[in-house]
Amino acid sequence: MPGTERVEITGPYGDRYDEILTPQAIDLIAVLHAELGPRRAELLAARRRRQAELSAGAMLDFLPETQSIRDDPDWRVAPLAPGLVDRRVEITGPTDKKMTINALNSGANVWLADFEDANTPLWDNMITGQLNLKDALDRTIDYASDEGKEYALRPEEELATIVVRPRGWHLDEKHILIDGQRASGSLVDFALYMAASAQRQLDKGKGPYFYLAKNESHLEARLWNDAFNLAQDALGIPRGTIRATVLIETIPAAFEMEEILYELRDHSAGLNAGRWDYLFSVIKKFRTRGREFVLPERNSVTMTAPFMRAYTELLVKTCHRRGAHAMGGMAAFIPSRRDPEVNAKALAKVREDKTRESQDGFDGSWVAHPDLVPICKEIFDGVLGANPNQIFKLREDVSVTAQDLLAVSKTPGVITEAGLRNDISVALQYLANWLGGNGAVGIFNLMEDAATAEISRSQVWQWIHNDVTLDDGTLVTRDLVERLIDEELSKIRALTGDGFDAERYGQATALFTEVALADDFADFLTIPAYERMP
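These figures come from a predicted structure and were not determined experimentally. (Residues numbered from 1 in each chain as written. Predicted model: local features only at pLDDT ≥ 70, side-chain atom pairs only at ≥ 80, totals over all residues. Heavy atoms only, no water.)

A. Inspection of the overall build of the chain at higher detail. The helix and strand tally for the chain stands at 18 helices and 15 strands. The C-alpha atoms of the chain give a radius of gyration of 22 Å, which matches the 24 Å a tight globule of 534 residues would have. Taking the principal axes of the C-alpha coordinates as reference, the chain spans close to 65 × 55 × 50 Å. When each of the 534 residues of the chain is scored for burial, the buried share is 61%. When contacts within the chain are restricted to residue pairs at least 6 apart in sequence, those whose partners lie at least 24 apart make up 78%. Surface accessibility of the chain: about 20400 Å² in total, with carbon and sulfur atoms responsible for 49%. When the 60 basic and 83 acidic side-chain charges of the chain are each reduced to a single mean position, those positions are 3 Å apart. (Helix = DSSP H or I, 4+ residues; strand = E, 2+ residues; numbered from the N terminus. Rg over C-alpha atoms; globule rule 2.2 N^0.38 Å. Buried < 20%, exposed > 50% of the residue type's maximum accessible area, 1.4 Å probe, protein only. Contact = heavy atoms within 4.5 Å. Areas by Shrake-Rupley, 256 points an atom, 1.4 Å probe, with all protein chains shown as cover. Lys, Arg positive; Asp, Glu negative; His and termini not counted. Charge placed at Lys NZ, Arg CZ, Asp CG, Glu CD.)

B. Here's a closer look at the packing of helix α9 (residues 275-285) against helix α15 (residues 450-465). Contact geometry for α9 and α15: axes closest at 8 Å, N-to-C directions at 25 degrees. Between α9 and α15, the angle falls in the class roughly parallel. Both α9 and α15 take part in a crossing whose hand is left-handed. Along the contact surface, α9 presents Trp276, Asp277, Leu279, Phe280 and Ile283, while α15 presents Ala451, Thr452, Glu454, Ile455, Arg457, Ser458, Gln459 and Gln462. Of the residues assigned to the contact of α9 with α15, the class counts are 6 nonpolar, 4 polar and 3 charged. (Axes fitted to C-alpha atoms, helices over the stretch in contact; angles between N-to-C directions. Parallel < 35°, antiparallel > 145°, perpendicular 65-115°, else oblique. Left-handed = near helix turned anticlockwise from the far one by under 90°. Nonpolar A, V, L, I, M, F, W, Y, C, P; charged D, E, K, R; others polar.)

C. Up close: the sheet that holds strand β7 (residues 172-178). Across the sheet, 3 strands lie side by side as β1-β7-β8; this open sheet has antiparallel pairing. Of all strands in the sheet, those bounded by a partner on one side alone are β1 (7-9) and β8 (181-184). When the angles between neighbouring strand axes are averaged without regard to direction, this sheet yields 55 degrees. Inspection of the sheet shows β7 paired to β8 by 4 bridges, in the antiparallel sense. Residue pairing in the sheet places Ile178 in a bridge with Gln181 of β8. Sheet strands in contact with helix α5 (residues 185-203) are β7 and β8, and its direction is about 55 degrees off that of β8. (Pairing = 2+ DSSP bridges.)

D. Summary view of the pairing of strand β6 (residues 161-165). Burial of β6 is extensive: 5 of the 5 residues sit out of reach of the surface. As judged from the 5 bridges shared by strand β3 (residues 110-114) and β6, these two strands associate in the parallel manner. Opposite Trp111, over in β6, you have Ile162 as the bridge partner.

E. Structural view of unusual backbone geometry. Unlike most non-glycine residues, Phe444 shows phi in positive territory, near 55 degrees. Turning to its location among the elements, Phe444 is positioned in the loop between β14 (441-443) and β15 (446-448). Taking the relative accessible area as the measure of exposure, Phe444 reaches 48% and is therefore partly exposed. Positive phi, close to 65 degrees, is recorded for Asn445, a residue that is not glycine. Position of Asn445 among the secondary structure elements: in the loop between β14 and β15.

F. Examining helix α4 (residues 123-138) more closely. Counted at 1.5 Å a residue, the expected span for α4 with its 16 residues is 22 Å, and the 23 Å between its end C-alpha atoms agrees. In terms of burial, α4 is largely enclosed, as 13 of its 16 residues are buried. Within two residues after α4, Arg139 carries a phi angle of roughly 60 degrees, on the positive side. (Expected span 1.5 Å × (residues − 1).)

G. How the structure looks around the nonpolar core. Judged by nonpolar contacts, the single largest core of 124 residues is most densely connected at Trp111, Phe190, Ile248 and Leu315. Discounting residues that sit within four places of it in the chain, Leu315 has contacts with Ile248, Met257, Leu271, Asn272, Ala273, Ala326, Met327 and Phe362. Listed in part, the 42 residues of the second largest apolar core include Phe512, Val515, Ala529 and Tyr530. (Core = buried A, V, L, I, M, F, W, Y, C linked by side-chain atoms within 4.5 Å.)

H. Spotlight on the pattern of salt bridges. Counted according to the given criterion, the structure contains 52 salt bridges. We note a salt bridge from Arg200 to Asp138, for which the minimum N-O separation is 2.8 Å. Of this pair, Arg200 sits in helix α5 while Asp138 sits in helix α4, and the two are 62 residues apart along the sequence. The class for Asp138 is partly exposed, based on a relative accessible area of 33%. Each of the salt bridges in this network shares a partner with another, and the network as a whole consists of Asp114, Glu116, Asp117, Arg165, Lys214, Glu249 and Asp277. (Salt bridge = Lys/Arg side-chain N within 4 Å of Asp/Glu carboxyl O.)

I. Quick peek at the environment of Ala196. Mapped onto the secondary structure, Ala196 falls in helix α5. Using a relative accessible area of 7% as the deciding quantity, one classes Ala196 as buried. Separated by 150 residues in sequence, Ala196 and Ala346 have C-alpha atoms that sit 40 Å apart.

J. Summary view of the pairing of strand β11 (residues 268-273). Counting buried positions over the 6 residues of β11 gives 6, a clear majority of the element. Relative to β11, strand β10 (residues 243-248) runs parallel, the two sharing 5 bridges. Its bridge partner being in β11, Val246 is matched across the sheet by Leu271. Across 2 bridges, β11 lies against strand β12 (residues 326-331) in parallel orientation. Looking across to β12, one finds that Leu271 is bridged to Ala326.

K. Quick peek at the environment of Pro335. Inspection of the secondary structure puts Pro335 in the loop between β12 and α11 (340-360). When the C-alpha atoms of Pro335 and Asp371 are compared, they prove to be 7.0 Å apart, with 36 residues separating the residues in sequence. Discounting residues that sit within four places of it in the chain, Pro335 has contacts with Asn343, His369, Asp371 and Leu372.

Don't take any of this as a statement about function, it's just geometry.
Below you can see the structure in the form of structure tokens.
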């Protein structure tokens, strides 16, 4: 593979990889790492220190050292960028060919092209995904299914705006070494897209746009802002061309929303309520703090829970005060053509969820399936009318305290054996697919990704380590979970039949046991999972 004196590419070479792994892209990766690599390491160490403090009894609060930023009424983020003025419906999904075409054709305003939670970071996925985005911008992409169905792009004006989600700061790219050390997955994904596709986006009158995942502080946002300036300077693109929406999907970030917008203000496109990772973050950060921070089973935790209402309303107020978009959360339901009753109930929940978001002041929301685009669009059309957004809705009625954001114990719901079994089954099925190269998996009529798998395994860990009992009085123990793993595997084997991959499910079971039953809590299941793939 091509490289430089400092950069070694160890991944296998595939067809057209040279169009992505260009000398310009490799040089940009090297520049970003030279300037930002040490700070990235320091910020990841700061995460570990904060976790130790929380586990020892500390509590989160708004930062006193940034009070002046929050109190200053005058600053605003950059003006809305072309292609990101109206974002009433956004669809998410991985960057394989079929999804690329379907998402761009879906009728959504924006497609979140996902190299993160809905993707498995196989080397081939990461490079061919970049090729698919490049080909989509060149309008040279097409796809034919095994059944002979052909997919092609609609006219340019009907396509969604591409917004790329790179991997989070915690993930490495083990196939690219810089001075012998693994590269940052975040910087690799960002640099490859900038080198291959930024100018193509600009030529279409838009620009290189990004969703930033798993951020935990305004200092991490500052690191991204510096990456943007370095890349724009290296590629001869004016500063401020890049725009980024930050997912507020960790509870520490919820206490720094204004500061995150401020750090990225010349490049900011707003904030998103990343609800599933947010639940995972709450569990992870307070996993040893007893029943006060134990959530009910995952499917009973809704956006009406007091601590979730506080987080989302504060997000809308914060964004609109600074002239930024506030984007709603994911509707993960997968419509079923075989079960009209399940369909009707789920669609009613989707409609209720999107109605609440639109009335709360969100400027748009996410869906995981093209069939949900019309519902989301209809609901936001009803609130927005001819307006492209409702940033003018300032929500001055909202007042949220630190105690409101931390009111986890007020969440209604129970923990049942069925809920425990669901966590186990979903995690096993998802991990088996993830290890096979698929990061967006339909399970029980929901589109599961790494975030929902994280909720499942972290709940099991927390319940075991906090002496939680089920609603029938049964204590959740390691022995109980091991028995249920065997029983749920048997159900999966029976349902799958001849297609059951015993080796893959053996790997998934070993991985689930490692991240759900070990004494030490793994920060992200994707880190040990990544070591299990080539």
